[in-house]
Amino acid sequence: MVIENGTGSNDWNVPSSDVSERELEESHESQKSDTERNHEHGSETSEQNPFRDRNDPAMTPLGDNSDATIPSTPKDNFIYHKGGNRARQGITIASWNIRGKQWKSKQSKWPYIIKIIRTENIGILALQETRLNETEKTKLMNAYPRILLISNSNSTAKKGVAFVINQRLLRLKENEIKVEFTIPNRVIDLAMKWGDQERIQIINVYVPNRTKEKIGFIKTLQNIKINKEEKLCLLGDFNLVENPRDRLPPHEDNRSVLKAFRELKNKLTIHDGWRLENEDKTNFTFEQKGTGALARIDRIYMNENVIPWTKDWSIGADYTLSDHSIITCKITEENSPERGRGIWKLPNHIINNPEFHRETKKELIRLQKWSKNNEKKNKDKTEKQKEESRNKNCNIQTKWNELKKRIILIGKRIDREMKNKERKNVKDILRKLDKAYKILRRKDNNWYQKNLAKGNIPTLRKELNKIQKVKIERKLEAARLRHVSLGETCSKYWFRLKKEKLLSNTIYNLKDRNDDVTNVMEEMIDIATEYHEKLQTKPEMMSKR
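Treat the numbers as computed from the prediction; the structure is a model and nothing was measured.

Draft legend 1. Looking closely at a nonpolar patch on the surface. A surface patch of nonpolar side chains, about 300 Å² in accessible area, is lined by Trp344, Leu346, Ile351 and Ile408. As for its placement among the helices and strands, Ile351 is situated in helix H6 (residues 348–351).

Okay, structure coming up:
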């Protein structure tokens, strides 16, 4: 890994990732208490979205608080595609301002962060306000050897940005990573290789709160070296919004700040992917606890080379770890073949489900009864008569195959019901939140409904975050209990801890009989099927000499 220091950065040694990780997710550090901080969020004006009608009434004009001229973003020459039924291989990228490494009770947040990374299959997580020094970073790397932690921070009291790379999914080598600390405690520039010879540059930023500092910070970002032919991602906590509708109550940001930021966007040719996928939706990533003000100040920007290959843009919960919500998106590999849904496997939580036990037991008893009755009928028959009586409806192998299919259907039904039950409360809360946001956006003077909606929003957001936190706590507790019971025993669990998990190798293309290369899924399946059928075919005997 090549690390280039910016102004005033320290040297960083990242240990090798070829170390097996303990499953027990506990942090082994004692940390100082966090200092309190208040966000002074800038606001944003409405930018002319190049993917929307410029006459859209939702695009609010700028206020007259400055004489600065703000350049508009030019129209793009590419088409943005939403996700379809088929998927390509890719990685999930996320950004989160965690507001320090621990709660006021001095309990570490990192076990929760690591569990969220694994649960959501996040490949790269960009963090802001990490407040880590070199000693604490080393402790975390030792506690969680299967993550690669790249930190730009020299204080345990404020600021700090970091990348957490999930080596279970990426397995990056030192020569595949290049890191530059452009601004101490504020910016990390990560360039890396992933997929089939693809490269991507990811810039993690934590923009200052004060207006003058913002302008200077954004102008510094304009000097970052980029290759417009490569994929580029700019993400983090920007402490500003581009449109008043991304703030509640809506108001505009300083025009000089917006001018500098849009110049940066135009230079990098980047776009807000969440807004492209959710043109008419309202959601927020930050809640100011004192005033109840909301804003979407955490964003992920992609350039024109990446946007067509992205999907699943979402704003998650804050898990009560922070006053910011985690934001995610998935970048798919351009050259990877499309994939279907794959083979369904019976989940572990279904195997231990009592209802699944009852249903499958009934099916097994039914087959057992049929088998005994069939044996009685054929008891006095000869082998030839038994063979003659065998048919599709009187064949133990056929019955066994049908039984397995029925068990699969039972497992799918129970799994679907369990997931729907878990999601029901979340969906209800999200529906109520969306309704409350729409009421506050209306231009009528029904103050009773607006005050009622304003009062419900903090309660609903708190319920949503509590549900997500409880879910993570249960998984953490289950992991601890499992390690206590199986961690020192001769079991599959213990062997998996000591065994390095290999990544699945993706076949990006195949040659047909005419040596034509294709990456179309259907054609690749036909080529592979023909090849393996030929292997199983008995070769023709050579003629005698």
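Moving on, there is more to tell.
Draft legend 2. Spatial organisation of helix H1 (residues 110–119). Within H1, nine of the ten residues are buried, leaving the element largely enclosed by the surrounding structure. Inspection of H1 places Trp110, Pro111, Tyr112, Ile113, Ile114, Lys115, Ile116, Ile117 and Arg118 among the buried residues, and these make up the whole buried set. Its buried side turned inward, H1 meets strand E2 (90–97), strand E3 (122–128), helix H2 (134–143), strand E4 (147–152), strand E5 (161–166) and helix H10 (447–486). One or two steps after H1, the chain reaches Asn121, where phi turns positive at roughly 55°.

Draft legend 3. Spotlight on the packing of aromatic side chains. Evaluation of the coordinates by the stated rule reveals seven aromatic pairs. With a centroid separation of 5.7 Å and an interplanar angle of 65°, the aromatic rings of Phe261 and Tyr301 are classed as edge-to-face. Of this pair, Phe261 sits in helix H4 (residues 255–268) while Tyr301 sits in strand E14 (residues 298–303), and the two are 40 residues apart along the sequence. Lying over the aromatic face of Tyr206, Arg186 brings its terminal NZ or CZ to 4.7 Å of the ring centre. Residue placement shows Lys450 over the ring face of Trp447; its charged tip is 5.3 Å from the ring centre.

Draft legend 4. Summary view of the pattern of salt bridges. Applying the stated criterion to the full structure yields 19 salt bridges. Where Glu129 meets Arg131, a salt bridge forms, and the shortest distance between an N and an O atom there is 2.9 Å. Taken individually, Glu129 and Arg131 each receive the classification buried, so the pair is uniform in this respect. Measuring nitrogen to oxygen at the nearest pair gives 2.9 Å for the salt bridge that ties Arg366 to Glu363. Taken as a pair, Arg366 and Glu363 lie in helix H7 (residues 354–377) at a separation of three residues, close to a single helical turn.

Draft legend 5. Just the packing of helix H9 (residues 396–441) against H10, in detail. At a minimum axis separation of 9 Å, H9 and H10 run at an interaxial angle of 150°. When the axes of H9 and H10 are compared, the pair comes out roughly antiparallel. Where H9 crosses over H10, the handedness of that crossing is left-handed. Contacts between H9 and H10 involve Asn425, Val426, Ile429, Leu430, Lys432, Leu433, Ala436, Tyr437, Ile439 and Leu440 from the first element and Gln449, Lys450, Ala453, Lys454, Ile457, Leu460, Arg461, Glu463, Leu464, Ile467 and Gln468 from the second. Taken together, the residues of the contact of H9 with H10 break down into 13 nonpolar, three polar and five charged.

Draft legend 6. Seen up close, the sheet that holds E3. The six strands lie next to each other as E4-E5-E3-E2-E16-E15, forming an open sheet whose pairing is mixed. A strand with exactly one partner marks an edge of an open sheet, and here the two such strands are E4 and strand E15 (310–315). Sheet twist, expressed as the mean angle between neighbouring strand axes with direction ignored, is 15°. Examined bridge by bridge, E2 and strand E16 (residues 327–332) share six bridges and lie antiparallel to one another. Following the sheet pairing, Ser95 is matched in E16 by Ile327. Relative to E3, H1 is tilted by about 145°, and along the sheet it contacts E2, E3, E4 and E5.

Draft legend 7. How the structure looks around H4. An ideal rise of 1.5 Å per residue puts 20 Å on 14 residues; H4 measures up with 20 Å between its terminal C-alpha atoms. Among all positions in H4, only Arg255, Val257, Leu258, Ala260, Phe261, Arg262, Leu264, Lys265 and Leu268 are buried. At its buried positions, H4 is contacted by helix H3 (211–221), strand E9 (231–237), strand E11 (270–272) and E14. Looking one or two residues past H4, Thr269 carries a phi angle of roughly 50°, positive in sign.

Draft legend 8. Quick look at the nonpolar core. Counting 62 residues, the largest nonpolar core has Trp96, Trp110, Leu125, Ile150, Met192, Ile202 and Met302 as its most contacted members. Per-element tally for this core: the top contributor is H1, with six residues. Not counting residues up to four positions away in its chain, the partners in contact with Trp110 are Lys101, Leu127, Leu132, Leu140, Tyr144, Leu149 and Val164. One finds Val187, Ile218, Leu240 and Val257 within the second-largest nonpolar core, a separate group that totals 21 residues.

Quick notes on the rules
- Residues numbered from 1 in each chain as written.
- Predicted model: local features only at pLDDT ≥ 70, side-chain atom pairs only at ≥ 80, totals over all residues.
- Heavy atoms only, no water.
- Patch = residues over 30% accessible without salt bridge, like charges linked within 9 Å, V, L, I, M, F, W, Y side chains within 5 Å.
- Areas by Shrake-Rupley, 256 points an atom, 1.4 Å probe, with all protein chains shown as cover.
- Salt bridge = Lys/Arg side-chain N within 4 Å of Asp/Glu carboxyl O.
- Helix = DSSP H or I, 4+ residues; strand = E, 2+ residues; numbered from the N terminus.
- Buried < 20%, exposed > 50% of the residue type's maximum accessible area, 1.4 Å probe, protein only.
- Contact = heavy atoms within 4.5 Å.
- Phe/Tyr/Trp six-rings, centres within 6.5 Å; stacked < 30°, edge-to-face > 60°.
- Lys NZ or Arg CZ within 6 Å of the ring centre and 35° of its normal.
- Axes fitted to C-alpha atoms, helices over the stretch in contact; angles between N-to-C directions.
- Parallel < 35°, antiparallel > 145°, perpendicular 65-115°, else oblique.
- Left-handed = near helix turned anticlockwise from the far one by under 90°.
- Nonpolar A, V, L, I, M, F, W, Y, C, P; charged D, E, K, R; others polar.
- Pairing = 2+ DSSP bridges.
- Expected span 1.5 Å × (residues − 1).
- Core = buried A, V, L, I, M, F, W, Y, C linked by side-chain atoms within 4.5 Å.

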